[in-house]
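Listed below, chain by chain, are the residues.
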Amino acid sequence: MKVLVIGKGGREHAIIRALKKSNKVKEIYCAPGNGGISCDAINVPISETDKEGIKNFAQNNKINFVVVAPDNPLADGMVDALESIGISCFGPNKKAAQIESSKVFAKKLMKKYNIPTGDYEVFDSFDKAINYIKTQNKYPTVIKADGLALGKGVIIAKNFEEAENAVKDIMVNNKFGESGNKIIIEEFLTGPEVSVLCFTDGKTIRPMISSMDHKRALDGDKGLNTGGMGAVAPNPAYTSDIEKECMKNIFMPTIKAMEKEGCPFSGCLYFGLMITSNGPKVIEYNCRFGDPETQVILPLLETDLFDIMEAISKKELEKVEVKFANKYSACVVLASPGYPESYPKGITINGLNKDGQTDDLTIYHAGTILENDEFKTSGGRVLCTSAVGSTLNEAIEKAYNGLKKVNFNNAHYRKDIGQKALAIIK
Ligand code: AMP
Ligand code: GLY
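Reading the values: the criteria
Residues numbered from 1 in each chain as written. Chains lettered and ligands numbered in written order. Predicted model: local features only at pLDDT ≥ 70, side-chain atom pairs only at ≥ 80, totals over all residues. Heavy atoms only, no water. Near = heavy atom within 4 Å. Polar contact = N/O pair within 3.5 Å; in protein donor to acceptor, adjacent residues only side chain to side chain. Areas by Shrake-Rupley, 256 points an atom, 1.4 Å probe, with all protein chains shown as cover. Helix = DSSP H or I, 4+ residues; strand = E, 2+ residues; numbered from the N terminus. Nonpolar A, V, L, I, M, F, W, Y, C, P; charged D, E, K, R; others polar. Pairing = 2+ DSSP bridges. Patch = residues over 30% accessible without salt bridge, like charges linked within 9 Å, V, L, I, M, F, W, Y side chains within 5 Å. Salt bridge = Lys/Arg side-chain N within 4 Å of Asp/Glu carboxyl O. Buried < 20%, exposed > 50% of the residue type's maximum accessible area, 1.4 Å probe, protein only. 1 Å grid on protein atoms, 1.4 Å probe; cavity = no way out; pocket = protein on both sides within 12 Å on 5 of 7 lines; lining within 4 Å. Points joined across faces, edges and corners; volume = space filled by probe spheres on them. Phe/Tyr/Trp six-rings, centres within 6.5 Å; stacked < 30°, edge-to-face > 60°.

Quick look at the site of ligand 1
Okay, so step 1: Surveying the vicinity of ligand 1 reveals 14 residues, the closest of which are E186, E187, L189, E193 and E284.
Okay, so step 2: At 2.8 Å, a side-chain N or O of E284 approaches an oxygen atom of ligand 1.
Okay, so step 3: Contact with the protein chains covers 92% of the free accessible surface of ligand 1, which is 480 Å².
Okay, so step 4: Looking at the shell around ligand 1, the elements that each hand over two or more residues are β7 (141–145), β8 (154–157) and β17 (279–286).
Okay, so step 5: Of the residues in the shell around ligand 1, the class split is seven nonpolar, no polar and seven charged.

See the structure below:
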(Lines give C-alpha, C1' and ligand atoms only; values in the text may rest on other atoms or scores of the structure.)
(Ligands and ions follow the chains in the order given, each with its own letter.)
Protein backbone atom coordinates (compact mmCIF):
# COMPACT_ATOMS: atom_id res chain seq x y z
CA MET A 1 0.00 0.00 0.00
CA LYS A 2 1.10 3.53 -0.75
CA VAL A 3 -0.21 5.77 2.00
CA LEU A 4 -0.32 9.57 2.08
CA VAL A 5 -0.61 11.33 5.44
CA ILE A 6 -1.78 14.94 5.33
CA GLY A 7 -0.38 17.33 7.94
CA LYS A 8 2.90 18.54 9.35
CA GLY A 9 2.99 18.19 13.13
CA GLY A 10 3.91 15.83 15.94
CA ARG A 11 0.58 14.06 15.58
CA GLU A 12 1.29 13.24 11.94
CA HIS A 13 4.79 12.07 12.85
CA ALA A 14 3.31 9.70 15.46
CA ILE A 15 0.75 8.40 12.94
CA ILE A 16 3.51 7.81 10.36
CA ARG A 17 5.75 5.96 12.82
CA ALA A 18 2.82 3.73 13.80
CA LEU A 19 1.91 3.08 10.14
CA LYS A 20 5.54 2.18 9.38
CA LYS A 21 5.18 -0.86 11.64
CA SER A 22 2.46 -2.31 9.41
CA ASN A 23 3.69 -4.88 6.91
CA LYS A 24 0.87 -3.86 4.57
CA VAL A 25 2.32 -0.36 4.22
CA LYS A 26 5.11 -0.20 1.67
CA GLU A 27 5.54 3.54 1.12
CA ILE A 28 4.49 6.56 3.16
CA TYR A 29 4.24 10.09 1.84
CA CYS A 30 3.49 13.17 3.92
CA ALA A 31 2.10 16.49 2.67
CA PRO A 32 3.73 18.76 3.61
CA GLY A 33 5.54 17.03 6.52
CA ASN A 34 8.52 18.49 8.41
CA GLY A 35 12.23 17.88 8.97
CA GLY A 36 11.79 14.95 11.35
CA ILE A 37 9.02 13.39 9.29
CA SER A 38 11.36 13.34 6.26
CA CYS A 39 13.36 10.62 8.06
CA ASP A 40 10.31 8.34 8.17
CA ALA A 41 8.32 9.30 5.06
CA ILE A 42 8.72 11.05 1.74
CA ASN A 43 7.74 14.69 2.16
CA VAL A 44 5.63 16.21 -0.58
CA PRO A 45 5.65 20.03 -0.74
CA ILE A 46 1.88 20.51 -0.99
CA SER A 47 -0.06 22.43 1.63
CA GLU A 48 -2.48 20.39 3.73
CA THR A 49 -5.38 22.56 2.58
CA ASP A 50 -4.60 22.41 -1.15
CA LYS A 51 -7.38 20.05 -2.27
CA GLU A 52 -6.54 20.15 -5.98
CA GLY A 53 -2.82 19.70 -5.33
CA ILE A 54 -3.40 16.72 -3.04
CA LYS A 55 -5.90 15.15 -5.43
CA ASN A 56 -3.51 15.43 -8.37
CA PHE A 57 -0.58 14.10 -6.37
CA ALA A 58 -2.61 11.14 -5.07
CA GLN A 59 -3.88 10.29 -8.53
CA ASN A 60 -0.54 10.71 -10.34
CA ASN A 61 1.34 8.68 -7.74
CA LYS A 62 -1.23 5.90 -7.39
CA ILE A 63 -1.76 6.49 -3.68
CA ASN A 64 -4.02 3.77 -2.23
CA PHE A 65 -4.97 5.35 1.06
CA VAL A 66 -4.96 8.87 2.55
CA VAL A 67 -4.99 9.76 6.25
CA VAL A 68 -6.32 13.29 6.68
CA ALA A 69 -5.11 14.33 10.13
CA PRO A 70 -5.66 18.11 10.71
CA ASP A 71 -8.97 19.88 11.32
CA ASN A 72 -8.83 22.44 8.48
CA PRO A 73 -8.69 20.07 5.50
CA LEU A 74 -11.33 17.85 7.14
CA ALA A 75 -13.65 20.83 7.68
CA ASP A 76 -13.02 21.89 4.10
CA GLY A 77 -14.02 18.56 2.53
CA MET A 78 -10.63 16.98 1.71
CA VAL A 79 -12.10 13.51 2.29
CA ASP A 80 -15.07 14.24 0.00
CA ALA A 81 -12.66 15.43 -2.72
CA LEU A 82 -10.43 12.33 -2.50
CA GLU A 83 -13.31 9.87 -2.26
CA SER A 84 -14.89 11.46 -5.32
CA ILE A 85 -11.92 10.18 -7.34
CA GLY A 86 -12.07 6.75 -5.72
CA ILE A 87 -9.28 7.08 -3.13
CA SER A 88 -9.98 5.55 0.29
CA CYS A 89 -9.46 7.84 3.26
CA PHE A 90 -9.26 7.83 7.02
CA GLY A 91 -11.22 10.80 8.34
CA PRO A 92 -14.76 12.18 8.29
CA ASN A 93 -16.35 13.90 5.30
CA LYS A 94 -17.17 17.60 5.43
CA LYS A 95 -20.67 17.10 6.81
CA ALA A 96 -19.51 14.87 9.68
CA ALA A 97 -16.51 17.13 10.39
CA GLN A 98 -19.02 19.80 11.46
CA ILE A 99 -19.00 18.12 14.85
CA GLU A 100 -15.75 20.05 15.35
CA SER A 101 -15.96 22.86 12.80
CA SER A 102 -19.22 24.21 14.22
CA LYS A 103 -19.63 24.31 17.98
CA VAL A 104 -23.26 25.34 17.39
CA PHE A 105 -23.80 22.13 15.39
CA ALA A 106 -22.17 20.09 18.18
CA LYS A 107 -24.16 21.72 20.99
CA LYS A 108 -27.47 21.35 19.12
CA LEU A 109 -26.68 17.70 18.48
CA MET A 110 -26.03 17.10 22.17
CA LYS A 111 -29.18 18.91 23.24
CA LYS A 112 -31.35 17.04 20.73
CA TYR A 113 -30.00 13.62 21.71
CA ASN A 114 -29.64 14.21 25.46
CA ILE A 115 -25.87 13.90 25.51
CA PRO A 116 -24.54 15.45 28.74
CA THR A 117 -22.87 18.85 28.20
CA GLY A 118 -22.88 22.31 29.79
CA ASP A 119 -26.02 24.47 29.40
CA TYR A 120 -25.64 27.10 26.71
CA GLU A 121 -27.22 29.70 24.45
CA VAL A 122 -26.29 30.64 20.86
CA PHE A 123 -26.04 34.28 19.70
CA ASP A 124 -25.52 35.94 16.36
CA SER A 125 -25.99 39.48 17.67
CA PHE A 126 -23.54 41.37 19.88
CA ASP A 127 -26.28 43.24 21.78
CA LYS A 128 -28.28 40.13 22.57
CA ALA A 129 -25.15 38.34 23.78
CA ILE A 130 -24.23 41.22 26.07
CA ASN A 131 -27.79 41.44 27.44
CA TYR A 132 -27.74 37.75 28.18
CA ILE A 133 -24.42 38.03 30.04
CA LYS A 134 -25.81 40.91 32.11
CA THR A 135 -29.03 39.07 32.93
CA GLN A 136 -27.19 35.87 33.84
CA ASN A 137 -24.65 37.80 35.93
CA LYS A 138 -22.84 34.54 36.70
CA TYR A 139 -19.06 34.21 36.55
CA PRO A 140 -16.90 32.61 35.37
CA THR A 141 -18.79 32.27 32.13
CA VAL A 142 -17.52 30.54 29.00
CA ILE A 143 -17.59 32.22 25.59
CA LYS A 144 -16.87 30.20 22.46
CA ALA A 145 -16.54 31.18 18.81
CA ASP A 146 -18.65 28.85 16.65
CA GLY A 147 -15.96 27.86 14.14
CA LEU A 148 -12.33 26.74 14.08
CA ALA A 149 -9.96 29.17 15.81
CA LEU A 150 -6.62 27.37 16.20
CA GLY A 151 -7.66 26.22 19.66
CA LYS A 152 -7.97 29.85 20.80
CA GLY A 153 -11.70 30.39 20.39
CA VAL A 154 -12.65 29.62 24.01
CA ILE A 155 -12.55 32.38 26.60
CA ILE A 156 -13.29 31.87 30.27
CA ALA A 157 -14.41 35.27 31.54
CA LYS A 158 -14.11 35.97 35.24
CA ASN A 159 -16.22 39.14 35.22
CA PHE A 160 -18.47 41.27 33.01
CA GLU A 161 -15.59 43.29 31.58
CA GLU A 162 -13.73 40.18 30.42
CA ALA A 163 -16.91 38.72 28.97
CA GLU A 164 -17.74 41.92 27.11
CA ASN A 165 -14.19 42.14 25.72
CA ALA A 166 -14.33 38.53 24.57
CA VAL A 167 -17.65 39.01 22.76
CA LYS A 168 -16.34 42.23 21.21
CA ASP A 169 -13.13 40.56 20.03
CA ILE A 170 -15.03 37.71 18.41
CA MET A 171 -18.13 39.46 17.02
CA VAL A 172 -17.03 43.04 16.40
CA ASN A 173 -13.27 42.90 15.85
CA ASN A 174 -13.62 39.58 13.97
CA LYS A 175 -10.58 38.12 15.73
CA PHE A 176 -11.38 34.67 14.34
CA GLY A 177 -12.94 35.84 11.06
CA GLU A 178 -16.13 34.05 10.05
CA SER A 179 -15.64 31.54 12.86
CA GLY A 180 -17.02 34.26 15.12
CA ASN A 181 -20.25 35.03 13.24
CA LYS A 182 -22.00 33.08 15.96
CA ILE A 183 -20.96 32.53 19.55
CA ILE A 184 -21.94 30.21 22.33
CA ILE A 185 -22.21 31.31 25.92
CA GLU A 186 -21.84 28.27 28.09
CA GLU A 187 -22.10 27.22 31.69
CA PHE A 188 -18.71 26.99 33.44
CA LEU A 189 -18.00 23.41 34.46
CA THR A 190 -15.37 22.09 36.84
CA GLY A 191 -13.65 18.75 37.30
CA PRO A 192 -10.73 16.82 35.85
CA GLU A 193 -10.48 16.86 32.06
CA VAL A 194 -10.06 13.66 30.08
CA SER A 195 -9.47 13.17 26.37
CA VAL A 196 -10.91 9.98 24.91
CA LEU A 197 -10.16 9.39 21.25
CA CYS A 198 -12.28 6.73 19.59
CA PHE A 199 -11.94 4.82 16.37
CA THR A 200 -15.31 4.58 14.67
CA ASP A 201 -16.75 3.63 11.30
CA GLY A 202 -20.09 5.21 12.13
CA LYS A 203 -21.57 2.06 13.68
CA THR A 204 -18.92 0.39 15.80
CA ILE A 205 -16.89 2.42 18.25
CA ARG A 206 -13.55 1.39 19.75
CA PRO A 207 -12.28 3.83 22.37
CA MET A 208 -8.52 4.22 22.60
CA ILE A 209 -6.66 4.47 25.87
CA SER A 210 -7.62 7.71 27.69
CA SER A 211 -5.22 10.63 28.01
CA MET A 212 -4.64 14.02 29.62
CA ASP A 213 -3.53 17.08 27.68
CA HIS A 214 -1.77 20.14 29.19
CA LYS A 215 -3.09 23.10 27.21
CA ARG A 216 -1.63 26.09 29.06
CA ALA A 217 1.85 27.38 28.26
CA LEU A 218 3.19 27.53 31.83
CA ASP A 219 3.50 25.29 34.87
CA GLY A 220 0.46 25.02 37.14
CA ASP A 221 -1.89 25.53 34.17
CA LYS A 222 -0.94 29.19 33.96
CA GLY A 223 -0.28 31.34 30.90
CA LEU A 224 -1.89 31.32 27.50
CA ASN A 225 -3.67 28.43 25.83
CA THR A 226 -1.46 26.51 23.41
CA GLY A 227 -1.93 23.61 21.05
CA GLY A 228 -0.85 21.38 24.00
CA MET A 229 2.46 21.28 25.92
CA GLY A 230 2.48 17.61 26.85
CA ALA A 231 0.28 14.63 27.62
CA VAL A 232 0.07 11.40 29.58
CA ALA A 233 -1.89 8.20 29.04
CA PRO A 234 -3.91 6.61 30.49
CA ASN A 235 -5.67 9.34 32.46
CA PRO A 236 -6.19 8.16 36.08
CA ALA A 237 -9.37 10.29 36.41
CA TYR A 238 -10.99 8.01 33.84
CA THR A 239 -12.02 5.03 35.99
CA SER A 240 -13.72 1.94 34.61
CA ASP A 241 -17.07 3.12 36.02
CA ILE A 242 -16.73 6.44 34.24
CA GLU A 243 -15.69 4.62 31.09
CA LYS A 244 -18.91 2.55 31.19
CA GLU A 245 -20.99 5.66 31.78
CA CYS A 246 -19.31 7.44 28.86
CA MET A 247 -19.87 4.50 26.53
CA LYS A 248 -23.56 4.35 27.42
CA ASN A 249 -24.45 8.05 27.74
CA ILE A 250 -21.95 9.80 25.48
CA PHE A 251 -20.01 7.70 22.94
CA MET A 252 -22.74 5.45 21.53
CA PRO A 253 -25.42 8.18 21.63
CA THR A 254 -23.09 10.50 19.67
CA ILE A 255 -22.39 7.90 16.99
CA LYS A 256 -26.10 7.12 16.68
CA ALA A 257 -27.00 10.81 16.63
CA MET A 258 -24.58 11.46 13.78
CA GLU A 259 -26.08 8.58 11.82
CA LYS A 260 -29.62 9.84 12.43
CA GLU A 261 -28.61 13.33 11.30
CA GLY A 262 -27.46 11.85 7.99
CA CYS A 263 -23.74 12.29 8.64
CA PRO A 264 -22.32 9.06 10.05
CA PHE A 265 -18.87 9.71 11.45
CA SER A 266 -15.90 7.76 10.14
CA GLY A 267 -12.36 8.18 11.49
CA CYS A 268 -11.15 9.29 14.91
CA LEU A 269 -13.74 11.02 17.05
CA TYR A 270 -12.18 12.87 19.97
CA PHE A 271 -14.29 13.40 23.09
CA GLY A 272 -13.02 16.22 25.31
CA LEU A 273 -14.69 15.42 28.62
CA MET A 274 -14.97 16.97 32.01
CA ILE A 275 -15.70 14.67 34.93
CA THR A 276 -18.07 16.91 36.91
CA SER A 277 -19.78 16.11 40.21
CA ASN A 278 -22.85 15.32 38.05
CA GLY A 279 -20.94 12.86 35.92
CA PRO A 280 -18.93 13.16 32.71
CA LYS A 281 -19.93 15.94 30.30
CA VAL A 282 -18.73 16.80 26.82
CA ILE A 283 -16.61 19.98 26.64
CA GLU A 284 -15.82 19.59 22.97
CA TYR A 285 -15.68 17.17 20.08
CA ASN A 286 -12.77 17.04 17.65
CA CYS A 287 -13.16 15.25 14.35
CA ARG A 288 -9.56 13.97 14.36
CA PHE A 289 -6.65 12.73 16.43
CA GLY A 290 -5.54 15.19 19.13
CA ASP A 291 -2.10 16.74 19.28
CA PRO A 292 -0.20 15.89 21.54
CA GLU A 293 -2.53 13.10 22.74
CA THR A 294 -1.69 10.99 19.69
CA GLN A 295 1.99 11.08 20.68
CA VAL A 296 1.17 9.21 23.92
CA ILE A 297 -1.65 6.99 22.63
CA LEU A 298 -0.16 5.43 19.52
CA PRO A 299 3.06 4.24 21.26
CA LEU A 300 0.77 2.03 23.39
CA LEU A 301 -1.28 0.66 20.47
CA GLU A 302 -0.55 -3.04 19.92
CA THR A 303 -2.92 -3.57 16.99
CA ASP A 304 -1.71 -2.68 13.48
CA LEU A 305 -2.87 0.94 12.90
CA PHE A 306 -3.24 0.47 9.16
CA ASP A 307 -5.54 -2.55 9.70
CA ILE A 308 -7.78 -0.39 11.89
CA MET A 309 -7.84 2.51 9.43
CA GLU A 310 -8.52 0.27 6.48
CA ALA A 311 -11.33 -1.54 8.35
CA ILE A 312 -12.90 1.82 9.18
CA SER A 313 -12.84 2.94 5.56
CA LYS A 314 -14.57 -0.34 4.64
CA LYS A 315 -17.08 0.03 7.51
CA GLU A 316 -15.76 -3.20 9.03
CA LEU A 317 -14.37 -1.98 12.34
CA GLU A 318 -16.38 -4.64 14.18
CA LYS A 319 -14.02 -7.26 12.72
CA VAL A 320 -10.89 -5.70 14.22
CA GLU A 321 -9.71 -5.92 17.77
CA VAL A 322 -8.11 -2.72 19.07
CA LYS A 323 -5.58 -3.51 21.78
CA PHE A 324 -3.40 -1.28 23.93
CA ALA A 325 -0.40 -2.22 26.08
CA ASN A 326 -1.04 -2.24 29.80
CA LYS A 327 1.57 0.49 30.31
CA TYR A 328 1.90 4.24 30.70
CA SER A 329 3.09 6.85 28.31
CA ALA A 330 4.16 10.50 28.59
CA CYS A 331 5.31 13.21 26.23
CA VAL A 332 6.82 16.62 26.87
CA VAL A 333 6.75 19.30 24.21
CA LEU A 334 9.78 21.49 23.60
CA ALA A 335 8.59 24.84 22.28
CA SER A 336 10.21 27.92 20.77
CA PRO A 337 10.90 30.86 23.10
CA GLY A 338 7.82 33.11 23.10
CA TYR A 339 5.34 30.44 21.95
CA PRO A 340 2.27 30.65 21.74
CA GLU A 341 2.93 34.26 20.80
CA SER A 342 5.61 35.27 18.28
CA TYR A 343 8.85 33.29 18.25
CA PRO A 344 12.10 33.07 16.29
CA LYS A 345 12.76 30.32 13.73
CA GLY A 346 15.88 28.63 12.41
CA ILE A 347 17.52 27.79 15.76
CA THR A 348 19.80 24.73 15.61
CA ILE A 349 18.57 21.75 17.62
CA ASN A 350 21.26 19.76 19.47
CA GLY A 351 21.29 16.13 20.49
CA LEU A 352 19.43 14.45 17.62
CA ASN A 353 20.98 11.69 15.52
CA LYS A 354 20.74 11.69 11.72
CA ASP A 355 17.26 10.15 11.93
CA GLY A 356 16.03 12.99 14.14
CA GLN A 357 15.88 10.65 17.12
CA THR A 358 17.90 9.85 20.24
CA ASP A 359 19.18 6.35 20.93
CA ASP A 360 16.77 5.49 23.71
CA LEU A 361 13.69 7.62 23.15
CA THR A 362 11.13 8.43 20.49
CA ILE A 363 11.15 12.04 19.29
CA TYR A 364 8.14 13.30 17.38
CA HIS A 365 8.90 16.39 15.34
CA ALA A 366 6.34 19.19 15.09
CA GLY A 367 8.10 22.32 13.86
CA THR A 368 11.50 21.33 12.47
CA ILE A 369 13.30 21.54 9.16
CA LEU A 370 16.32 19.54 8.03
CA GLU A 371 18.90 21.81 6.42
CA ASN A 372 22.42 20.63 5.45
CA ASP A 373 22.04 17.61 7.76
CA GLU A 374 21.09 19.87 10.67
CA PHE A 375 17.71 20.02 12.35
CA LYS A 376 16.46 23.55 12.98
CA THR A 377 13.32 24.99 14.54
CA SER A 378 10.54 26.12 12.20
CA GLY A 379 7.44 26.32 14.38
CA GLY A 380 6.06 27.12 17.83
CA ARG A 381 5.89 23.59 19.10
CA VAL A 382 9.18 22.13 17.89
CA LEU A 383 9.26 18.50 19.00
CA CYS A 384 8.27 16.25 21.85
CA THR A 385 10.02 13.45 23.68
CA SER A 386 7.75 10.47 24.12
CA ALA A 387 8.36 7.58 26.51
CA VAL A 388 6.62 4.43 27.70
CA GLY A 389 7.02 3.00 31.22
CA SER A 390 5.47 0.38 33.44
CA THR A 391 4.38 3.18 35.80
CA LEU A 392 3.27 6.72 35.04
CA ASN A 393 6.19 8.02 37.07
CA GLU A 394 8.66 6.03 35.02
CA ALA A 395 7.19 7.25 31.73
CA ILE A 396 7.32 10.89 32.88
CA GLU A 397 10.89 10.55 34.14
CA LYS A 398 12.05 9.00 30.89
CA ALA A 399 10.39 11.73 28.81
CA TYR A 400 12.09 14.43 30.92
CA ASN A 401 15.46 12.65 30.84
CA GLY A 402 15.22 12.80 27.07
CA LEU A 403 14.97 16.58 27.24
CA LYS A 404 18.37 16.70 28.92
CA LYS A 405 19.86 15.40 25.68
CA VAL A 406 17.76 17.26 23.12
CA ASN A 407 17.68 21.05 23.32
CA PHE A 408 18.12 24.37 21.58
CA ASN A 409 18.82 27.92 22.72
CA ASN A 410 16.07 29.32 24.98
CA ALA A 411 13.84 26.29 24.45
CA HIS A 412 10.75 26.39 26.60
CA TYR A 413 8.91 23.46 28.15
CA ARG A 414 6.65 22.75 31.10
CA LYS A 415 8.28 21.09 34.09
CA ASP A 416 5.05 19.64 35.50
CA ILE A 417 3.65 17.41 32.75
CA GLY A 418 1.87 14.49 34.41
CA GLN A 419 1.96 15.91 37.95
CA LYS A 420 -1.83 16.38 38.05
CA ALA A 421 -2.28 12.79 36.92
CA LEU A 422 0.17 11.52 39.56
CA ALA A 423 -1.76 13.48 42.24
CA ILE A 424 -4.97 11.63 41.26
CA ILE A 425 -3.23 8.25 41.63
CA LYS A 426 -2.00 9.19 45.13
P1 AMP B 1 -11.78 23.75 23.76
O2 AMP B 1 -11.03 24.61 22.77
O3 AMP B 1 -13.24 23.60 23.49
O4 AMP B 1 -11.04 22.48 24.03
O5 AMP B 1 -11.68 24.49 25.16
C6 AMP B 1 -10.43 24.83 25.69
C7 AMP B 1 -10.45 24.62 27.16
O8 AMP B 1 -11.36 25.52 27.77
C9 AMP B 1 -10.91 23.25 27.61
O10 AMP B 1 -9.91 22.30 27.56
C11 AMP B 1 -11.37 23.55 29.02
O12 AMP B 1 -10.27 23.56 29.90
C13 AMP B 1 -11.93 24.93 28.92
N14 AMP B 1 -13.40 24.89 28.79
C15 AMP B 1 -14.11 24.79 27.66
N16 AMP B 1 -15.45 24.77 27.94
C17 AMP B 1 -15.55 24.87 29.29
C18 AMP B 1 -16.64 24.91 30.21
N19 AMP B 1 -17.90 24.88 29.80
N20 AMP B 1 -16.36 25.02 31.52
C21 AMP B 1 -15.08 25.09 31.96
N22 AMP B 1 -14.02 25.06 31.16
C23 AMP B 1 -14.23 24.95 29.84
N1 GLY C 1 -4.88 18.59 22.16
C2 GLY C 1 -6.11 19.13 21.81
C3 GLY C 1 -6.41 19.10 20.38
O4 GLY C 1 -5.79 18.43 19.60
O5 GLY C 1 -7.35 19.77 19.97
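Describing the site of ligand 2
Okay, so step 1: All residues in the neighbourhood of ligand 2 are listed as D213, G227, Y270, N286, R288, G290, D291, P292 and E293.
Okay, so step 2: In the environment of ligand 2, a nitrogen atom lies 2.9 Å from a nitrogen or oxygen atom belonging to the backbone of D291.
Okay, so step 3: Between ligand 2 and the protein, one listed contact pairs a nitrogen atom with a side-chain N or O atom of E293 at 2.8 Å.
Okay, so step 4: In terms of residue class, the shell around ligand 2 is made up of two nonpolar, three polar and four charged.

As for the sheet that holds strand β19 (residues 362–365)
Okay, so step 1: The strand order β12-β15-β18-β22-β19 describes an open sheet built from five strands, whose pairing is antiparallel. Looking at which strands have only one partner, the edges of the open sheet turn out to be β12 (212–213) and β19.
Okay, so step 2: Pairing of β12 with strand β15 (residues 230–233), which is carried by two bridges, proceeds in the antiparallel orientation. What sits directly across from M212, in β15, is V232.

Considering a nonpolar patch on the surface
Okay, so step 1: Where nonpolar side chains cluster on the molecular surface, the patch consists of V154, I156 and F188 and spans about 220 Å² of accessible area.
Okay, so step 2: Its place among the elements puts V154 in strand β8.
Okay, so step 3: Residue classification places V154 among the partly exposed positions, given a relative accessible area of 34%.

Quick look at the layout of surface pockets
Leftover empty space is mapped by rolling, across the atoms, a probe with the size of a water molecule.
Okay, so step 1: For the second largest pocket, the calculated volume is near 190 Å³.
Okay, so step 2: Together, D119, Y120, Y132, Q136, K138, Y139, P140, T141, I185, E186, E187 and F188 line the second largest pocket.
Okay, so step 3: Sorting the residues of the lining of the second largest pocket by element identifies α7 (126–136) and β9 (183–186) as the ones contributing at least two each.
Okay, so step 4: Residue composition of the lining of the second largest pocket, grouped by class: six nonpolar, two polar and four charged.

Examining the packing of aromatic side chains
Okay, so step 1: All chains considered together, the criterion is met by ten aromatic pairs.
Okay, so step 2: Ring centres of F90 and F199 lie 6.5 Å apart, and the angle between their planes is 65°; this geometry places the pair in the edge-to-face category. Placement of F90 in strand β5 (residues 88–90) and of F199 in strand β10 (residues 193–200) is noted, with a sequence separation of 109 residues between them. An identical accessibility class is assigned to F90 and F199; each is buried.
Okay, so step 3: Considering the side-chain rings of F271 and Y285, the 5.6 Å spacing of their centres and the 70° angle between planes classify their relative orientation as edge-to-face.

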